[in-house]
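As a plain string of letters, each chain reads:
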Amino acid sequence: MRERQERTERPSAREFEAFVAGAGGRLLHAATLLTAEPPGNAPAAERLLVRALARTRADWDRMRGEDPYERTRQELAAHFARTGLRHRRSRGGLLGALTPSERLVLVLRLYEGVAEEQVAAGLGLPVERIRTLHTRALATVLSRPPAQGAAHEPA
């Protein structure tokens, strides 16, 4: 019985590993933008991503045609939204001057390309609130003079 269970779990584990190998870098970058940590030194972003990936892995066999990237991104955003106060302190970077909710909306809208309606539904907020956060965040980012080294930091 155990051998049969291990045989059925192996393809699933390999599929998940392939997903992480392909999407992990982009998801880590999104997490790094959310936490406003410098690239290469982002322990909070790594913890955020590991938690999201763990939830995706736990549900992997039940996802039945669901996009694992979308699921992981939703989990990443939801966990960040729940723990946003932990990420209030600015760590610098292009998005460091934004509040956690502004960073979340800006990353989802601009970096991930998620529609306003989807962001609103995922966060449980009205679309008008998402528009306000997006506009305010964009104005803040565009009004800041570029810091030295910011040219190397992707937006």
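The model shown is predicted, which means the values in this text are computed figures rather than measured ones. (Residues numbered from 1 in each chain as written. Predicted model: local features only at pLDDT ≥ 70, side-chain atom pairs only at ≥ 80, totals over all residues. Heavy atoms only, no water.)

Things to note about the overall build of the protein
At step 1: Each helix and strand in the protein was counted, giving six helices and zero strands.
At step 2: Reading the secondary structure of the protein in the N-to-C direction produces α-α-α-α-α-α.
At step 3: The buried share among the 155 residues of the protein stands at 39%.
At step 4: Taking the contacts inside the protein whose residues are at least 6 apart along the sequence as the reference set, 60% of them involve residues at least 24 apart.
At step 5: Approximately 9,300 Å² of the protein is accessible, and the part contributed by carbon and sulfur atoms is 53%. (Helix = DSSP H or I, 4+ residues; strand = E, 2+ residues; numbered from the N terminus. Buried < 20%, exposed > 50% of the residue type's maximum accessible area, 1.4 Å probe, protein only. Contact = heavy atoms within 4.5 Å. Areas by Shrake-Rupley, 256 points an atom, 1.4 Å probe, with all protein chains shown as cover.)

Observations regarding the layout of surface pockets
At step 1: By volume, the largest pocket amounts to about 200 Å³.
At step 2: E70, R73, Q74, A77, A78, L108, V114, Q118, V119, A121, G122 and L123 are the residues that line the largest pocket.
At step 3: Where the lining of the largest pocket is concerned, the elements lending two or more residues are α3 (68–82) and α5 (116–123). (1 Å grid on protein atoms, 1.4 Å probe; cavity = no way out; pocket = protein on both sides within 12 Å on 5 of 7 lines; lining within 4 Å. Points joined across faces, edges and corners; volume = space filled by probe spheres on them.)

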